[in-house]
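One letter stands for each residue in the lines below.
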Amino acid sequence: MAEAHQAVGFRPSLTSDGAEVELSAPVLQEIYLSGLRSWKRHLSRFWNDFLTGVFPASPLSWLFLFSAIQLAWFLQLDPSLGLMEKIKELLPDWGGQHHGLRGVLAAALFASCLWGALIFTLHVALRLLLSYHGWLLEPHGAMSSPTKTWLYLESVRPILSDEDFDWTAVLAQEFLRLQASLLQWYLRLKSWWASNYVSDWWEEFVYLRSRNPLMVNSNYYMMDFLYVTPTPLQAARAGNAVHALLLYRHRLNRQEIPPTLLMGMRPLCSAQYEKIFNTTRIPGVQKDYIRHLHDSQHVAVFHRGRFFRMGTHSRNSLLSPRALEQQFQRILDDPSPACPHEEHLAALTAAPRGTWAQVRTSLKTQAAEALEAVEGAAFFVSLDAEPAGLTREDPAASLDAYAHALLAGRGHDRWFDKSFTLIVFSNGKLGLSVEHSWADCPISGHMWEFTLATECFQLGYSTDGHCKGHPDPTLPQPQRLQWDLPDQIHSSISLALRGAKILSENVDCHVVPFSLFGKSFIRRCHLSSDSFIQIALQLAHFRDRGQFCLTYESAMTRLFLEGRTETVRSCTREACNFVRAMEDKEKTVHSEQWQLSTSQIPVQQMHLFDVHNYPDYVSSGGGFGPADDHGYGVSYIFMGDGMITFHISSKKSSTKTDSHRLGQHIEDALLDVASLFQAGQHFKRRFRGSGKENSRHRCGFLSRQTGASKASMTSTDF
């Protein structure tokens with residue numbers, strides 16, 4: 001993804017004669033500013049929690065406690081052990097007729113103090129409980145700096161020659177001796193002052209400082225149901241989807257969405273959810289910044305080169321799905337043409353960030369109202385004029401075109417700066433294009449699962465395909481946005497469009513729905529499903545390129561406050577040995593870039609879908625662009641227990657990559673690895689009790705068995 005793409009451009013500057021690092025005033029200033037940003041976020045969250053009644057706790061809990069104290073007092077019981085009498089003595093004496101009022105006030109004050117003490121104790125206990133992470137390291141114990149250095153060297157060993165590895169080991173030892181201790185001290189200092197010692201720097205240096213176009217390089221996409229479309233009416237699907245999204249926002253604002261739990265008990269940090277809606281990435285000359293609004297009651301809509309501002313609320317209440325459908329239909333029926341250059345205006349958001357920042361300055365002066373309507377919207381909606389999705393006539397090509405339309409579109413029909421764009425195709429198919437800097441894929445994935453389940457199963461559609469309910473003819477027409485574009489912007493739009501088309505046409509997308517087996521078979525092999533896929537990807541990539549490469553797999557760090565992602569380097573020495581055994585070949589290999597960037601899309605809310613009765617109503621996941629010009633981007637999702645869908649991307653300009661070829665290698669590798677474990681059952685019976693067999697011979701035996709067993713395998717074998 002974007003973090004892997006940025007890592008491609010990074011080259012270490014350390015040399016073996018590097019000097020010791022000295023205290024740096026700019027670094028200390030960055031730590032200070034990070035702390036300020038952290039405390040501002042804490043204050044903002046505190047105020048929002050107070051306004052929504054979440055902090056310090058629900059007012060109903062105070063009322064319950066006060067009522068219980070009053071009831072005990074009425075029954076001549078004193079739960080305060082005399083404290084309320086002391087409080088009454090301290091209150092002013094307003095005369096005998098107000099004696100009862102003094103008692104009520106004393107009870108209210110005691111209830112408030114007890115309520116606050118209980119809540120404070122609960123918060124402190126919960127914070128101490130959730131801040132404990134020792135259980136993560138218990139099997140392995142504490143990890144020293146030399147151990148961490150060894151782990152780094154272990155991760156690069158499979159892709160370096162002996163000479164290059166020796167040189168890297170020297171650099172690593174020099175880094176450990178000269179720089180590591182001070183840099184570690186910087187991070188520890190920041191951890192005392194800020195809520196997370198890395199996440200805000202990660203957001204800034206990995207995302208916001210990147211000057212590359214967002215399209216393909218940073219954004220990613222999410223797909224609709226693969227095999228079904230609930231309604232063919234574009235406006236109806238848009239109405240239900242927008243209503244479901246705004247229901248999710250309402251629940252989010254009320255903090256009614258339960259946190260994702262690890263192993264059913266350990267909550268993950270939910271801080272990234274704050275910026276799902278009402279958020280725009282604003283371009284800057286040197287770096288971008290994220291603008292987030294507290295609320296927005298409209299969406300920006302793009303259709304046939306025209307922009308509209310469409311209200312989503314009436315008298316502070318959310319419009320019904322049928323009313324939203326009516327408004328979208330009004331936009332679809334609007335015959336007015338696009339103004340000159342308006343049709344391709346959004347191509348500027350696909351331009352290099354510095355270029356777009358300079359043009360936006362002029363645009364903000366000449367068309368401030370229209371620009372604010374787009375950037376201040378809850379999200380962006382694109383009503384595409386073409387159909388998309390799986391077709392019976394050419395299923396493979398139609399899926400590939402669907403993925404490409406979501407990732408890049410036509411280069412000028414998505415506002416890539418918005419936190420996400422909801423894409424509604426003419427045949428009712430849906431999709432998302434998501435900007436990456438504000439949060440990671442599991443966050444938008446959680447929202448998308450809720451949206452698909454709600455708009456299809458809860459809101460539903462009438463028999464004629466329309467949203468349920470009645471239209472509202474009193475609603476005003478959606479507002480057509482007027483762009484007063486100065487002449488100097490015209491050439492910038494043309495250049496941006498040309499660059500966006502080149503970038504879009506250079507991306508080769510391929511979707512592989514693999515249905516011979518899925519997660520249930522892998523579990524029966526007593527294996528991690530993710531590890532199984534990663535080893536199959538290593539085998540497929542080796543067959544495709546004939547060498548190993550530095551491999552990126554994203555891993556979340558949301559067990560920690562404000563955590564985002566880290567890197568799993570899945571091309572290990574053991575993985576390479578496995579691949580060589582499967583291929584019965586020996587290679588010397590070398591690579592420095594993330595030529596294989598991978599990510600699993602988790603299904604987080606399976607309770608929203610009935611995969612047994614409605615197996616076609618499951619999300620088909622999404623994908624992202626390649627991190628390197630000569631590499632692949634591969635995402636995958638386990639759809640129920642019997643299917644895995646892969647989303648593969650590469651650059652057409654590269655003579656070394658081909659998404660379709662890799663897709664075929666992945667399918668073959670999955671079957672080969674699965675066959676390995678089928679043959680492994682025979683192997684266990686044959687060699688049981690002998691515990692000293694050589695692992696290389698063991699792998700060689702299983703590899704030889706694979707060729708024979710693979711040919712006879714069918715889906716029923718799994």
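Residues numbered from 1 in each chain as written. Predicted model: local features only at pLDDT ≥ 70, side-chain atom pairs only at ≥ 80, totals over all residues. Heavy atoms only, no water.

Asker: Can you break down the overall build of the chain residue by residue, with the values?
Answerer: Looking only at helices and strands, the chain features 22 helices and 20 strands. Buried positions account for 51% of the 718 residues belonging to the chain. Residue pairs in contact within the chain that sit at least 24 positions apart in sequence constitute 78% of those at least 6 positions apart. As displayed, the chain offers around 34,300 Å² of accessible surface, 58% of which is attributable to carbon and sulfur atoms. (Helix = DSSP H or I, 4+ residues; strand = E, 2+ residues; numbered from the N terminus. Buried < 20%, exposed > 50% of the residue type's maximum accessible area, 1.4 Å probe, protein only. Contact = heavy atoms within 4.5 Å. Areas by Shrake-Rupley, 256 points an atom, 1.4 Å probe, with all protein chains shown as cover.)

Asker: Run through the sheet that holds strand 1 (residues 220–223), naming residues and quoting values.
Answerer: Read across the sheet, eight strands follow the order 13-7-6-10-11-12-1-18 without closing on themselves; strand pairing throughout is mixed. A single partner strand is all that each edge strand has here, and the edge strands are strand 13 (479–480) and strand 18 (622–624). In the sheet, strand 1 pairs with strand 12 (residues 430–434) via four bridges, with the strands oriented antiparallel. Of the residues in strand 12, the one forming a bridge with Tyr220 is Val434. (Pairing = 2+ DSSP bridges.)

Asker: Summarise the side chain of His298; cite the residues concerned and give the values.
Answerer: Tracing the chain through its elements places His298 in strand 6 (residues 298–303). What makes His298 buried here is its relative accessible area of 6%. For His298, the side chain forms a polar contact with the main-chain oxygen of Ala373, separated by 2.7 Å. Once you skip the residues sitting within four places of it in the chain, His298 turns out to touch Arg309, Met310, Gly311, Thr312, Ala373, Gly376, Ala377 and Ala378. (Polar contact = N/O pair within 3.5 Å; in protein donor to acceptor, adjacent residues only side chain to side chain.)

Asker: Tell me about the nonpolar core, residues and numbers included.
Answerer: In terms of nonpolar packing, the biggest core is built from 79 residues, with Ile276, Phe379 and Leu422 touching the most fellow members. Apart from the residues lying within four places of it in its own chain, the contact partners of Leu422 are Ala241, Val242, Leu245, Phe379, Phe380, Val381, Ser382, Leu430, Gly431, Leu432 and Trp448. Ala172, Phe521, Ile522 and Leu676 belong to the second largest nonpolar core, which has 45 residues in total. (Core = buried A, V, L, I, M, F, W, Y, C linked by side-chain atoms within 4.5 Å.)

Asker: Now, about unusual backbone geometry: what can you tell me, with residues and values included?
Answerer: The phi angle at Asn278 is positive, at roughly 60°, despite the residue not being glycine. With respect to the element layout, Asn278 can be found in the loop between strand 3 (266–267) and strand 4 (279–282).

Asker: An account of the pairing of strand 15 (residues 550–556) is needed here, citing residue identities and associated values.
Answerer: Most of strand 15 is tucked away, with five of its seven residues classed as buried. When strand 15 meets strand 16 (residues 565–568), the two strands line up antiparallel, connected through four bridges. Paired with Met556 across the two strands is Thr565, which belongs to strand 16.

Asker: Which residues make up the packing of helix 11 (residues 234–253) against helix 16 (residues 441–459), and what values do they have?
Answerer: With their axes 9 Å apart at the nearest point, helix 11 and helix 16 run at an angle of 125° to one another. Here helix 16 runs oblique to helix 11, going by the angle between their axes. Relative to helix 16, the crossing made by helix 11 is right-handed. Across from Arg237, Asn240, Ala241, His243, Ala244, Leu245, Leu247, Tyr248 and Arg251 in helix 11, the residues of helix 16 making contact are His446, Met447, Phe450, Thr451, Leu452, Thr454, Glu455 and Leu459. (Axes fitted to C-alpha atoms, helices over the stretch in contact; angles between N-to-C directions. Parallel < 35°, antiparallel > 145°, perpendicular 65-115°, else oblique. Left-handed = near helix turned anticlockwise from the far one by under 90°.)

Asker: I'd like a description of the confidence of the model for the chain, backed by residues and values.
Answerer: With 85% of its residues at a pLDDT of 70 or more, the chain has an overall mean of 83. Predicted confidence is poor over residues 8–20, with pLDDT under 50, and the contacts of this stretch with residues over four places away or in other chains come to 17 contacts. Scored below 50 in pLDDT, residues 682–718 shows 38 contacts in the model against residues more than four places distant or in partner chains. (pLDDT = per-residue confidence, 0-100.)

Asker: For the packing of helix 19 (residues 529–545) against helix 20 (residues 573–583), give the residues involved together with the corresponding values.
Answerer: Angle between the axes and distance between the axes are the two parameters that describe a pair of packed helices. Helix 20 packs onto helix 19 with a crossing angle of 55° between their chain directions and a minimal axis gap of 10 Å. Classified by the interaxial angle, the pair formed by helix 19 and helix 20 is oblique. For the element pair helix 19 and helix 20, the recorded crossing hand is right-handed. Contacts between helix 19 and helix 20 involve Ile535, Gln538, Leu539, Phe542 and Arg543 on the former and, on the latter, Ala575, Phe578, Val579, Met582 and Glu583. Partitioned by chemical class, the residues of the contact of helix 19 with helix 20 number seven nonpolar, one polar and two charged. (Nonpolar A, V, L, I, M, F, W, Y, C, P; charged D, E, K, R; others polar.)

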